[in-house]
Amino acid sequence: MLQVFVIREYRDGVVAGLAKRGIKDAATLVDRAVELDQLRKQAQQKADEIRARSNTEAKRIGELIKSGQSEEAAKLRVAIAADKESLKTIEGDLASYEEQLRQHLYKIPNVPAEKVPAGAGADENVTVHSHGKAPQLGPDAVPHWELIKKYDIIDFDLGVKITGAGFPVYKGKGAKLQRALISFFLDEAEKAGYREMMPPIMVNEASGYGTGQLPDKEGQMYHVTLDNLYLIPTAEVPITNLYRDVILREEELPVKNVGYTPCFRREAGSWGAHVRGLNRLHQFDKVEIVQIRKAEDSYTALDEMCAYVQGLLEKLELPYRKLLLCGGDMGFNSAMTYDMEVFAAAQQRWLEVSSVSNFETYQANRLKLRYKNKEGKTELLHTLNGSALALPRIVAAILENNQSGKGIRIPSVLVPYAGFDRIS
RNA sequence: GGAGAGAUGCCAGAGCGGUCGAAUGGGACGGUCUCGAAAACCGUUGUACGGGCAACUGUACCGAGGGUUCGAAUCCCUCUCUCUCCGCCA
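Note that the structure is predicted; figures quoted are calculated from it, not measured.

### Points about helix α10 (residues 298-315)
The periodicity of an α-helix, 3.6 residues per turn, causes residues three or four places apart in sequence to face the same way.
Logical step 1: With 18 residues, α10 extends 26 Å from end C-alpha to end C-alpha; this agrees with the ideal 26 Å at 1.5 Å per step.
Logical step 2: Where α10 is concerned, the buried positions are Ser298, Ala301, Leu302, Met305, Cys306, Tyr308, Val309, Gln310, Leu312 and Leu313.
Logical step 3: Residue Glu317 follows α10 closely and has a positive phi angle near 60 degrees.

Pasting the structure below:
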């Protein structure tokens, strides 16, 4: 969430930024936050004042009792009673304002960075880079959902039988290809200086709030109600939450972590025409990179992360384009996001395989993730993350783009991991 | 799942219902000494929200949330977590 002081001090900039997301009542939203903070502050001051008074009075009563002046003490006790009453109401107000302010701040998305273009939706994203050419497929080329049946490598029907739609079963070379991709991605990340983390794939409520999945995306996560745990929608959640309530030392920065996890998404209401096969799943595998940076170098890190992800796609020989998302298409928490999309040649569609974002202090503020700078002051850090990469759509593109009469060619970087160079 | 013990500052660990934001030890940092280092000695060492140009200052925080009390780290209740023993078990 945004810091109140930022909203207060840079009110107009915040309003203008939010407008880039297409939020119409940005000014009202922002002014309400300032107003609630003002009310909160007033209540706080009043409460502090009364508390200060009762603290000294209470001390005096102690002294009076000690020196045997119990009558004086009794008088004082009576005199304090009124303060106690008013303190109770003020504390009630204070708690209510704090809660209202928090709830209100949860509703305000991050302010887009300077470079982010205004725009209402995906149509206004800007293609900033593209690489590779779509392969010329033969006349008998088919989309991946046909290929997986033909070669019997991924089975949706079996998944339906044991779990439900959107939970595929990977079989034989299909399963090995998954493992190969995961290992390849983790090894590459390690070479690029990321430390591998293997976190739990269920998290508690506090973690959900920490990275912003709660309260607004409640319905998108699988919720194990018996134990009040959530299945993670991405490794970003556990790996970023490792740093919740943490004050890092300067020499511990930058933090660069990578993690492989399965990801679980309910995708409530998002099933439609273009989500056949591997395009959208309830459970899928993803390798995620997470960085924690000082404010001054977080955008360098963002570029670095994009370059890293692009390198992966190039090694996998997949044609891709890089989009700078416009305000209206960016995630709630993000200040700037680049999406990488690969071209799936049989579907003739671009598939999003990675989203790399800088959240600036938006997540860190909720997480209370800070570091002590040279002057000994604690300062919020910037968090960033990116998929590197999400597997299903990568698999879809590999299958579709590399098909021929002789089967499916495996990209050469994966061959040592997979143990085969062709699915046929 | 059953029984018991516990949760205090960066770590270890003390704490009578009032003078405790908290003894003591360790660590870290600064200083004295030294050519330098070690040792020794001295000092510093939390977070949040306010007020103040500043020095400084008010309030809250001893797992979390309630309660008792003029006053709670200390008493009571609920929850969470950790440890030990037993049971079960990949």
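### Thoughts on the protein's contact with RNA strand B
Logical step 1: Looking at RNA strand B, there are 21 residues lining it, with Arg40, Gln45, Asp48, Ala58 and Lys372 nearest.
Logical step 2: For RNA strand B, the backbone makes up 72% of the atoms found within 4 Å of the protein, where backbone means sugar plus phosphate.
Logical step 3: Thr378 is positioned such that a nitrogen or oxygen atom in its side chain is 3.3 Å from a phosphate oxygen of RNA strand B.
Logical step 4: Contributing elements (two or more residues each) for the surface near RNA strand B: α3 (26-66), α4 (70-107) and β14 (370-372).
Logical step 5: Sorting elements by how many residues they give to the surface near RNA strand B places α3 first, with 13 residues.
Logical step 6: Among the residues forming the surface near RNA strand B, the class breakdown is six nonpolar, five polar and ten charged.

### Focus on the confidence of the model for chain A
Logical step 1: Residue-level pLDDT values for chain A average 91, and 99% of them are 70 or greater.
Logical step 2: No element of chain A has a lower mean pLDDT than α4, which averages 84, and none a higher one than helix α13 (residues 415-418), which averages 98.
Logical step 3: Two numbers describe this predicted complex: its pTM, 0.91, and its ipTM, 0.84.

### Points about the pairing of strand β11 (residues 320-324)
Logical step 1: Burial runs high along β11: four of the five residues are buried.
Logical step 2: Relative to β11, strand β1 (residues 126-131) runs antiparallel, the two being bridged by five bridges. Bridge pairing links Ser130 to Arg321 in β11.
Logical step 3: For β11 and strand β12 (residues 336-344), the ladder comprises five bridges, and the chain directions are antiparallel. For Leu323, the partnering residue across the bridge sits in β12 and is Asp339.

### Quick notes on the layout of surface pockets
Logical step 1: Empty space within the largest pocket amounts to approximately 1500 Å³.
Logical step 2: Arg265, Asp339, Glu352, Ser355 and Arg393 are, among the 48 residues lining the largest pocket, the residues nearest its centre.
Logical step 3: The set of elements that each furnish at least two residues to the lining of the largest pocket consists of β10 (283-293), β11, β12, β13 (349-358), β16 (382-390) and α12 (391-401).
Logical step 4: The element contributing the most residues to the lining of the largest pocket is β13, with eight residues.
Logical step 5: A breakdown of the residues in the lining of the largest pocket according to their chemical character gives 17 nonpolar, 17 polar and 14 charged.
Logical step 6: For the second largest pocket, the calculated volume is near 540 Å³.

### Comments concerning the packing of aromatic side chains
Logical step 1: What the rule picks out here adds up to seven aromatic pairs.
Logical step 2: Ring geometry for Phe184 and Tyr417: centres 5.9 Å apart, planes at 70 degrees, overall edge-to-face. A residue pair is termed long-range when its members are at least 10 positions apart, and Phe184 in helix α7 (residues 173-191) and Tyr417 in helix α13 qualify at 233 residues.
Logical step 3: Tyr417 sits in the partly exposed class, given a relative accessible area of 31%.
Logical step 4: With a centroid separation of 5.9 Å and an interplanar angle of 45 degrees, the aromatic rings of Tyr194 and Tyr308 are classed as tilted. Residue Tyr194 is found in the loop between α7 and β4 (195-197), and its partner Tyr308 is found in helix α10; the two are separated by 114 residues along the sequence. Taken as a pair, Tyr194 and Tyr308 share a single burial class, namely buried.

### Here we look at the side chain of Thr211
Logical step 1: As for its placement among the helices and strands, Thr211 is situated in helix α8 (residues 205-211).
Logical step 2: On the accessibility criterion, Thr211 (1% relative accessible area) is buried.
Logical step 3: At 3.3 Å, the side chain of Thr211 and the side chain of Asn241 are in polar contact.
Logical step 4: Residues in contact with Thr211, not counting those within four places in the same chain, are Glu236, Val237, Thr240, Asn241, Asn333, Gln363 and Leu367.

### Considerations on the nonpolar core
Logical step 1: Of all hydrophobic cores here, the largest spans 65 residues; its most connected members are Leu181, Phe185, Leu313, Leu316, Val342, Leu389 and Ile394.
Logical step 2: When sequence neighbours within four positions are dropped, the list of residues in contact with Leu313 reads Leu318, Tyr320, Met340, Val342, Val353, Leu389 and Ile394.
Logical step 3: The next biggest cluster of nonpolar side chains, apart from the first, holds 18 residues, and it includes Ile7, Leu29, Val30 and Leu36.

### Some points on the pattern of salt bridges
Logical step 1: In the structure shown here, the tally under the stated rule is 23 salt bridges.
Logical step 2: Of the charged contacts in the structure, one is a salt bridge between Arg11 and Asp31, with a shortest N-O distance of 2.8 Å. Of this pair, Arg11 sits in helix α2 (residues 11-19) while Asp31 sits in helix α3; the two residues are 20 residues apart in sequence, bridging distant segments of the chain.
Logical step 3: Residue classification places Arg11 among the partly exposed residues on the basis of a relative accessible area of 28%.
Logical step 4: Owing to a relative accessible area of 34%, Asp31 belongs among the partly exposed residues under this scheme.
Logical step 5: Of the charged contacts, one joins Glu317 and Arg409 as a salt bridge, the two residues approaching to 3.2 Å between their closest N and O atoms.

Conventions we followed
Residues numbered from 1 in each chain as written. Chains lettered and ligands numbered in written order. Predicted model: local features only at pLDDT ≥ 70, side-chain atom pairs only at ≥ 80, totals over all residues. Heavy atoms only, no water. Helix = DSSP H or I, 4+ residues; strand = E, 2+ residues; numbered from the N terminus. Expected span 1.5 Å × (residues − 1). Buried < 20%, exposed > 50% of the residue type's maximum accessible area, 1.4 Å probe, protein only. Near = heavy atom within 4 Å. Polar contact = N/O pair within 3.5 Å; in protein donor to acceptor, adjacent residues only side chain to side chain. Nonpolar A, V, L, I, M, F, W, Y, C, P; charged D, E, K, R; others polar. pLDDT = per-residue confidence, 0-100. Pairing = 2+ DSSP bridges. 1 Å grid on protein atoms, 1.4 Å probe; cavity = no way out; pocket = protein on both sides within 12 Å on 5 of 7 lines; lining within 4 Å. Points joined across faces, edges and corners; volume = space filled by probe spheres on them. Phe/Tyr/Trp six-rings, centres within 6.5 Å; stacked < 30°, edge-to-face > 60°. Contact = heavy atoms within 4.5 Å. Core = buried A, V, L, I, M, F, W, Y, C linked by side-chain atoms within 4.5 Å. Salt bridge = Lys/Arg side-chain N within 4 Å of Asp/Glu carboxyl O.

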